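In case you want the letters, here they are:
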Amino acid sequence: MGLFSLTQELAIDLGTANTLIIHNGKVVVDEPSIVALDVHTGKLVAIGTQARQMHEKTNPNIKTIRPLKDGVIADFNATELMLRGMIKKVKTSGNLFAPSIRMVICIPSGSTNVEIRAVRDSAEHAGGREVYMIYEPMAAALGAGLDVEAPEGNMVIDIGGGTTEIACISLGGIVCSESINVAGDVFTNDIQSYVRQQHNIRIGERTAEAIKCSIGAALTELDEEPEDYVVTGPNMLTALPQTVSLSYGEIAYALEKSLVKLDAALMKVLETMPPELYADIVKNGIYLAGGGALIKGLDKRLNAKTGIPFHVAEDPLRAIARGTGIALKNINRFSFLMK
């Protein structure tokens, strides 16, 4: 950054679970989308990783909020505080003045005008001078290295924290898409419910998340079997500590009902797709991005259901942020960036 370079360019993946900010082609912020506030004054206590450590462990004076739910803003004030705090973490050394910020933010493809307006307002209040939007599946396709402007069909499934986006892209536009609220958070809830019902143990959201990340599976039989996960919690009947060992097969069973909804949404998009594009997709395969792509055996499960090859994007957690960064670099070229 030069002394008088007064425009700072940021690509922001404002996710339900994690927020990533890319500056100068590098990921400079990668933190959970969570804030901790003082209950009495409403002042910010912590954001990101620090706030995540406080989640479900706070005293009555502090509350932790996840400001985004199902991919959209649920708490306007908390989102603004979070964005402002995270933008501050991006070093602006060498600037005498506060720079004007140009942002590209990705949003779910099923967003309504009201939801888009909420994201824009939050970004502007957090210091954005020029705010552009890009739909998540488009960002995921760019991040997976696909040529979105080519006259051929590319298909992306982006499984985030709040929403799963399934879209077919051709000539720089989304031809057909489906956005469902079955994603990482729902998988976490499924695991919580399963452990409660099957083992009579209460576990928190953070523990369920850890189980999902370590042994989350979409198939009951995997080639490489992960080790069992040992979890301890209070027994619901006696309130005494109980330890149980969970296998990946159990988690696959717990996630089954949510994964069936994902299968149905995928079939819906395949049914509405023009036949010429369908042929391209069978040839090129479908790309998986987002944190949900890391569920073990998901690509194999979907391949068995559809007969179409599936590829997991490189570093799927950051694929959407990478794509948003590519869109920011080519802001004048890409017409699909919404003003």
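Note that the structure is predicted; figures quoted are calculated from it, not measured. (Residues numbered from 1 in each chain as written. Predicted model: local features only at pLDDT ≥ 70, side-chain atom pairs only at ≥ 80, totals over all residues. Heavy atoms only, no water.)

Draft legend 1. Quick look at the overall build of the chain. For the chain, the count of helices and strands is 10 helices and 17 strands. Its C-alpha atoms give the chain a radius of gyration of 21 Å, within 12% of the compact-globule value 20 Å for 339 residues. Its C-alpha atoms give the chain principal-axis dimensions of about 65 × 60 × 35 Å. By residue count, 52% of the 339 residues in the chain fall in the buried class. Expressed as a percentage of contacts within the chain between residues at least 6 apart in sequence, the contacts between residues at least 24 apart total 64%. Counting 32 positive and 39 negative side-chain charges, the chain places the centres of these two groups 8 Å from one another. (Helix = DSSP H or I, 4+ residues; strand = E, 2+ residues; numbered from the N terminus. Rg over C-alpha atoms; globule rule 2.2 N^0.38 Å. Buried < 20%, exposed > 50% of the residue type's maximum accessible area, 1.4 Å probe, protein only. Contact = heavy atoms within 4.5 Å. Lys, Arg positive; Asp, Glu negative; His and termini not counted. Charge placed at Lys NZ, Arg CZ, Asp CG, Glu CD.)

Draft legend 2. Structural detail: the sheet that holds strand E9 (residues 100-107). The mixed open sheet is built from 5 strands, whose spatial order is E3-E2-E1-E9-E10. Looking at strand neighbours, the two that pair on one side only are strand E3 (26-32) and strand E10 (128-135), the edges of this open sheet. Neighbour-to-neighbour, the strand axes of the sheet open up by a mean angle of 20°, direction not taken into account. Here E9 runs beside E10; their pairing, made up of 7 bridges, is parallel. Counterpart to Cys-106 in the pairing with E10 is Ile-134. Together, E9 and E10 form the strand contacts of helix H4 (residues 136-143), whose direction differs from that of E10 by roughly 85°. Seen against the sheet, helix H10 (residues 316-329) touches strand E1 (7-14), strand E2 (18-23), E3, E9 and E10 and runs at an angle of roughly 150° to E1. (Pairing = 2+ DSSP bridges. Axes fitted to C-alpha atoms, helices over the stretch in contact; angles between N-to-C directions.)

Draft legend 3. Just the packing of helix H2 (residues 76-89) against helix H3 (residues 113-125), in detail. Where H2 meets H3, the closest approach of the two axes is 9 Å, and the angle between their N-to-C directions is 45°. Between H2 and H3, the angle falls in the class oblique. Considering the relative orientation of H2 and H3, their crossing is right-handed. When H2 is examined against H3, the residues Phe-76, Thr-79, Glu-80, Leu-83 and Arg-84 are found in contact with a partner set consisting of Ala-118, Asp-121, Ser-122, Ala-123 and His-125. (Parallel < 35°, antiparallel > 145°, perpendicular 65-115°, else oblique. Left-handed = near helix turned anticlockwise from the far one by under 90°.)

Draft legend 4. Expanded view of the sheet that holds strand E4 (residues 35-38). With respect to topology, 3 strands assemble into an open sheet ordered E5-E4-E6, the strand pairing being antiparallel. Where the open sheet ends on each side, the last strands, each with one partner, are strand E5 (44-47) and strand E6 (62-65). The mean angle between the axes of side-by-side strands here comes to 20°, regardless of whether they run parallel or antiparallel. Sheet analysis places E4 next to E6, joined by 4 bridges and oriented antiparallel. Across the sheet, residue Asp-38 finds its bridge partner in E6, namely Ile-62. This element, H2, spans E4, E5 and E6 of the sheet and lies at about 60° to E5.

Draft legend 5. Spatial organisation of the nonpolar core. Counting residues in hydrophobic clusters, the biggest one holds 46 residues, and the most contacted among them are Met-155, Ile-157, Leu-266 and Met-273. Considering every element that reaches this core, the biggest residue donor is helix H7 (residues 248-272), with 11 residues. Residue contributions to this core reach at least three from each of two domains, namely domain 1 (145-180 + 258-317) and domain 2 (182-252). Setting aside anything within four residues of it in sequence, one finds Met-155 in contact with Ile-166, Ala-167, Cys-168, Leu-266, Val-269, Leu-270, Met-273, Ile-281, Gly-285, Ile-286 and Tyr-287. In terms of nonpolar packing, the next biggest core, distinct from the first, is built from 28 residues, Leu-37, Leu-83, Val-90 and Met-133 among them. (Core = buried A, V, L, I, M, F, W, Y, C linked by side-chain atoms within 4.5 Å. Domains from an automatic or database assignment.)

Draft legend 6. Highlighting the environment of Leu-259. Here Leu-259 lies in helix H7. The sequence separation of Leu-259 and Arg-120 amounts to 139 residues, and the corresponding C-alpha distance is 32 Å.

Draft legend 7. Spatial organisation of the packing of aromatic side chains. One pass over the full model with this rule turns up 1 aromatic pair. Ring plane angle 70° and centroid distance 6.1 Å describe the contact between Tyr-194 and Tyr-253, whose orientation is recorded as edge-to-face. Linking Tyr-194 in helix H5 (residues 184-199) with Tyr-253 in helix H7, this pair joins segments that are 59 residues apart in sequence. Here Tyr-194 falls in the buried class, since its relative accessible area comes to 10%. Residue classification places Tyr-253 among the exposed positions, given a relative accessible area of 58%. (Phe/Tyr/Trp six-rings, centres within 6.5 Å; stacked < 30°, edge-to-face > 60°.)

Draft legend 8. Structural context of the pattern of salt bridges. Within the structure shown, the criterion is met by 15 salt bridges. Between Lys-257 and Asp-190 there is a salt bridge, with its nearest N and O atoms 3.4 Å apart. Remark: Asp-190 occurs in helix H5 and Lys-257 occurs in helix H7; sequence separation between them is 67 residues. Accessibility expressed as a relative area gives 54% for Lys-257, which makes it exposed. A relative accessible area of 7% places Asp-190 in the buried class. Three or more residues are tied together by salt bridges with common partners; here these are Glu-9, Arg-102 and Glu-130. (Salt bridge = Lys/Arg side-chain N within 4 Å of Asp/Glu carboxyl O.)

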